[in-house]
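Residue-level structure breakdown
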Amino acid sequence: MLTGIPLLHYFQCGNEYSGAHFGMRYHFKPGKKAAPQPDGTEKEEPTLFGVIWPDPWAEEKTDPALLRHKDFPLSDEGRAQAAQWLAETFAAEEENWKTRPGILDCEPWHPAPDAENAEKAKP
C-alpha cells in the first residue's frame, strides 16, 4: 500500500520528495508555474510538480517517453490529488509495476546521438 506523500508544509519549505513502490518510482517538487489570468496576463502560482517512471533507472537516466508528469496546486487539496494520482497510477498497472526488471537485469538506456556528435564518433 502506498503511504502517500509528506504534509503540505514539507513542500512549502522547498523540499523535494521521491520514493518507489515496487517498480514504480516517483518524485514531487514544489515550484511556480505561469497561469493565465482572465485579463490576458500571466501570474505565477505555487505548484507541486510530480513525475512517475518505471524501474530500474533514475529519473535522469530514464527514456523521457516513459516519464509521466502531472502538476498540482501547492495546497492541501493539491497534495491530496497528488497522493491519489500516485495510488491510481499504481493500481491501474499493478502487475506491470510488480514485474519490472531490476537494475542488474537490463541494459542502460542511452539517448540517440545528435547528428553533430554522431559525426565526431565515426572512425
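Anyway, here's the lowdown on the structure attached to this text. Values in this document were obtained by computation on a predicted structure and should not be read as measured data. (Residues numbered from 1 in each chain as written. Predicted model: local features only at pLDDT ≥ 70, side-chain atom pairs only at ≥ 80, totals over all residues. Heavy atoms only, no water.)

Turning to the pattern of salt bridges, a few remarks are in order. Evaluation of the coordinates by the stated rule reveals four salt bridges. Here Arg 25 ties to Asp 55 by a salt bridge, and the two come within 2.4 Å at their closest N and O atoms. Note that Arg 25 is positioned in strand β2 (residues 24–36) and Asp 55 in the loop between β3 (42–54) and β4 (68–73), a separation of 30 residues in sequence. Residue classification places Asp 55 among the buried positions, given a relative accessible area of 15%. (Salt bridge = Lys/Arg side-chain N within 4 Å of Asp/Glu carboxyl O. Helix = DSSP H or I, 4+ residues; strand = E, 2+ residues; numbered from the N terminus. Buried < 20%, exposed > 50% of the residue type's maximum accessible area, 1.4 Å probe, protein only.)

As a further point, take the side chain of Arg 79. Summarising the element assignment, Arg 79 is placed in helix α2 (residues 76–92). The buried charged residue Arg 79 lacks any salt bridge partner; its closest oppositely charged side chain belongs to Asp 76, at an N-O distance of 4.8 Å. Within the local environment of Arg 79, its side chain forms a polar contact with the backbone oxygen of Ile 5, the two atoms lying 3.0 Å apart. With near-sequence residues (within four places) excluded, Arg 79 lies in contact with Ile 5, Pro 6, Leu 7, Leu 8, Leu 48 and Pro 73. (Lys, Arg positive; Asp, Glu negative; His and termini not counted. Polar contact = N/O pair within 3.5 Å; in protein donor to acceptor, adjacent residues only side chain to side chain. Contact = heavy atoms within 4.5 Å.)

On their own, these measurements won't tell you what the molecule is for.
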